[in-house]
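# Fold and contact review
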Amino acid sequence: MKDYIIHHDWKIVEEGFRPELNRISESIFSIGNGKMGQRANFEEKYSGDSLNGTYVAGIYYPDKTRVGWWKNGYPEYFAKIINSTNWIGINIRINGAELDLATAKVLSFNRELNMQLGILTRKFVAELENGNQIEVSSTRFVSIDDTETGAIRYSVKALNFSGEVVVNPYLAGDVHNEDSNYDEKFWVEVSKEIENDTGFLTLETLKTKFQVCTGMYFQILKDGEKVNTAITNSKREKYIEAFQTLQIEKGKEIVIEKFSSTVSSNYYQQNKLVEKADEAIERMKSAGFDNH
């Protein structure tokens, strides 16, 4: 395989967008803190080849072993760490065109994992199908000090246009494992709630009955001030989302900050999970993005 990674003492760097190697990059640039791990999936929608993955330590499922008679002695089940709620999602729509690097023209692309600081950054310039060009910068981490939390700072700059931006942060729990046998799903919904900029999604594993609650809070900043345009919410099975619309001027940028929490019944009573997830979100909000 062609060696496309730039090596440094503490950094892993990728220059240029290579869709055919995206799954490899998603693995190489993964982040984690011992309690949860996250593949380097994009925050925004990506309709190209990708393997989404968010994993919570100690949350597993006894999947059926799918083997033939020639493997007598194999166990009927084996424990696997399963994909959990995707907390990083932030879809972006510019003047009606969806940001998707599988369909956009990627003019530049850089991804960097700073292993000393535990920070994943990505910066790219893309031209959307409507001709609008944007520069996007994202910074993401899961905290080593507060291991129930993770955060994203995601900026969008208008390069050659003015117009409307729709920001759509979400939590998606209807996930699957590609190596699951018989296309089996592992999660059922316990509860969901979302109001304006804050929401919580609680799921339970089949058989093992682990519960995991994932929370999110987001805010949009423009010229350093919080944008207070109306927020609408939507939800469906194992999914919650918010929409906020604002105007952007040519040469200006908006900044989205998204804080997330992940707590499980391995550490808290099941009826306390939403409360504990909310407390973790409040810790993030009080400290701010730069103080983690």
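Now for a look at the structure at hand. (Residues numbered from 1 in each chain as written. Predicted model: local features only at pLDDT ≥ 70, side-chain atom pairs only at ≥ 80, totals over all residues. Heavy atoms only, no water.)

### Observations concerning the layout of surface pockets
The computed volume of the largest pocket comes to approximately 550 Å³. In terms of lining, the largest pocket is formed by 30 residues, of which the most central are Tyr 46, Asn 52, Asn 86, Tyr 170 and Ala 172. Contributing elements (two or more residues each) for the lining of the largest pocket: α1 (22-28) and β14 (163-172). Taken as a whole, the second largest pocket encloses approximately 350 Å³ of empty space. (1 Å grid on protein atoms, 1.4 Å probe; cavity = no way out; pocket = protein on both sides within 12 Å on 5 of 7 lines; lining within 4 Å. Points joined across faces, edges and corners; volume = space filled by probe spheres on them. Helix = DSSP H or I, 4+ residues; strand = E, 2+ residues; numbered from the N terminus.)

### Considering empty space enclosed by the protein
Under the defined criterion, the tally for this structure stands at two cavities of 30 Å³ or more. The calculated volume of the largest cavity comes to roughly 60 Å³. Ranked by residues supplied to the lining of the largest cavity, first place goes to strand β21 (residues 253-264) with three residues. In terms of residue class, the lining of the largest cavity is made up of five nonpolar, two polar and two charged. Roughly 40 Å³ of internal volume is contained in the second largest cavity. In this structure, the second largest cavity is lined by Ala 40, Asn 41, Glu 43, Arg 111, Leu 120, Arg 122, Ser 138 and Arg 140. Listing elements by their share of the lining of the second largest cavity, those giving two or more residues are β11 (119-127) and β12 (133-142). Here the residues of the lining of the second largest cavity are counted per class, giving two nonpolar, two polar and four charged. (Nonpolar A, V, L, I, M, F, W, Y, C, P; charged D, E, K, R; others polar.)

### Some points on the environment of Ile 5
The topology assignment puts Ile 5 in strand β1 (residues 5-7). For the pair Ile 5 and Lys 285, spaced 280 residues apart in the sequence, the C-alpha separation amounts to 35 Å. Once you skip the residues sitting within four places of it in the chain, Ile 5 turns out to touch Ile 12, Val 13, Glu 14, Ile 28 and Phe 29. (Contact = heavy atoms within 4.5 Å.)

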